[in-house]
Amino acid sequence: MLSRRNLIKSSAIALGVASLDLTALAGPVARTSSSWIELDRNENPYGPSPAARKAMIDRIERGNRYLDADELNAFRDKIANFEGVTRDHVVLGAGSSEILWMAAQEYLGEGKTLLQGDPTFELIGRLAEAKGSRVERIAVTPEQEDDFDAIRKAAARASLVYFNWPNNPCGSMAPAAAMKGIAKDLANRCPVFVDEAYLEFVDPSLESSTVSLVKEGANVIVARTFSKIHGLAGMRMGYGVARPEVARRLGSYRFSVLNSLALAASSAALDDQEFIASSHRRIKEGKTAIYRLFDDLGVRYIPSSASFVWFHEGDRNWAPRLRERQILIPSGRFSGGWNRVTVGTAEEIARFGEAVRSLA
């Protein structure tokens, strides 16, 4: 159990790490200007949905009031019904990042080891290191996929195993049967955290989700977010699904006061299947356009199961030159000559294409 002093210290670390990881590293820009094209943070360019916007407007009148227990439980019940679990399986957080922080508090610290792929979403790795844990990073295969064989061999040393499925930044995704197989196997040894932030971009129904393992009683924690396909990145709402006793322990570490507008928007977004289907279709079309562009330029890329495309930039160093054209992609964030571009609107992709063709 955390003392108040340690909780405050850990919260400060978490907030600092999270802000670093969730903020573009291209330098300060006037992001409120419509002239900038933001292809660096994996945001949905089409959201929030009309239903989510209306829900936020309707809730503003009570913006002076904190969320009460009835509202929180009603939302947990709605998620539980959506996932086919009970309320006690559901833990809420300010984005899935806070669910990651909860897991770091529960399972990591001095003498502990986090096992994860490399590259992957690095938030929990940085949290682990901030707590004094060892982080064992298993390099992806040449095809930019998680190396399940190497992860299995290293799992005996792990206190927590983290999978980002689909992988950010690679966009690769192991088949559902393979993912469930390794998660179920490793969960017999230690907790397994499966971050499914981008799963809706390949499976809007979420039938392939590893939540099915939680229902079977496996020691698996599944994280979801409303930041991606639902278009609510700035509102910060996410949740985890885990065995009830695990969800209860994780929830005890929550340091945020959940945002009432975020809850209202997320609840409406969960119902808006038309918007989810539209986003899924348009992002898929956008990826195809980026593939065509890279094919024309002879740029290697990985077909993506998420809302971005992982490509081998080599020594082209596009980011600073694109920034001069008010187009943002990550800068200096990844190694090995790889970079990532978020799928924007058709118009944004066209402008990105014109710019990189001029640089090729």
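For the structure, see preceding data.
Residues numbered from 1 in each chain as written. Predicted model: local features only at pLDDT ≥ 70, side-chain atom pairs only at ≥ 80, totals over all residues. Heavy atoms only, no water.

Caption draft 1: A look at helix H4 (residues 96-107). Between its first and last C-alpha atoms H4 spans 17 Å; for twelve residues at 1.5 Å apiece the expected length is 16 Å, and the two agree. In terms of burial, H4 is a largely internal element, eleven of the twelve residues being buried. Restricting attention to buried positions, one finds in H4 the residues Ser-96, Ser-97, Glu-98, Ile-99, Leu-100, Trp-101, Met-102, Ala-103, Ala-104, Gln-105 and Tyr-107. Remark: Gly-109 follows H4 within two positions and exhibits a positive phi of approximately 155 degrees. (Helix = DSSP H or I, 4+ residues; strand = E, 2+ residues; numbered from the N terminus. Expected span 1.5 Å × (residues − 1). Buried < 20%, exposed > 50% of the residue type's maximum accessible area, 1.4 Å probe, protein only.)

Caption draft 2: The arrangement of empty space enclosed by the protein in detail. Throughout the structure, instances matching the rule amount to one cavity of 30 Å³ or more. Estimated volume of the largest cavity: approximately 80 Å³. Lining of the largest cavity is provided by Phe-82, Glu-200, Pro-204, Leu-206, Arg-224, Thr-225, Phe-226, His-230, Tyr-239, Leu-270, Gln-273 and Ile-276. Going through the elements one at a time, strand E7 (220-225) and helix H11 (273-297) are the ones with two or more residues in the lining of the largest cavity. Residues belonging to the lining of the largest cavity are distributed by class as follows: seven nonpolar, three polar and two charged. (1 Å grid on protein atoms, 1.4 Å probe; cavity = no way out; pocket = protein on both sides within 12 Å on 5 of 7 lines; lining within 4 Å. Points joined across faces, edges and corners; volume = space filled by probe spheres on them. Nonpolar A, V, L, I, M, F, W, Y, C, P; charged D, E, K, R; others polar.)

Caption draft 3: Inspection of the pattern of salt bridges at higher detail. Inspection of every chain in the model, using the stated rule, returns 19 salt bridges. Residue Glu-71 is joined to Arg-59 by a salt bridge in which the shortest nitrogen-to-oxygen separation is 3.1 Å. Residue Glu-71 is found in helix H3 (residues 69-83), and its partner Arg-59 is found in helix H2 (residues 50-60); the two are separated by twelve residues along the sequence. The exposure class assigned to Glu-71 is partly exposed, which follows from its relative accessible area of 22%. The exposure class assigned to Arg-59 is buried, which follows from its relative accessible area of 9%. Note that Glu-136 is salt-bridged to Arg-134, the shortest N-O span being 3.1 Å. Within this structure, Glu-38, Arg-41 and Glu-43 form a network of salt bridges that share partners. (Salt bridge = Lys/Arg side-chain N within 4 Å of Asp/Glu carboxyl O.)

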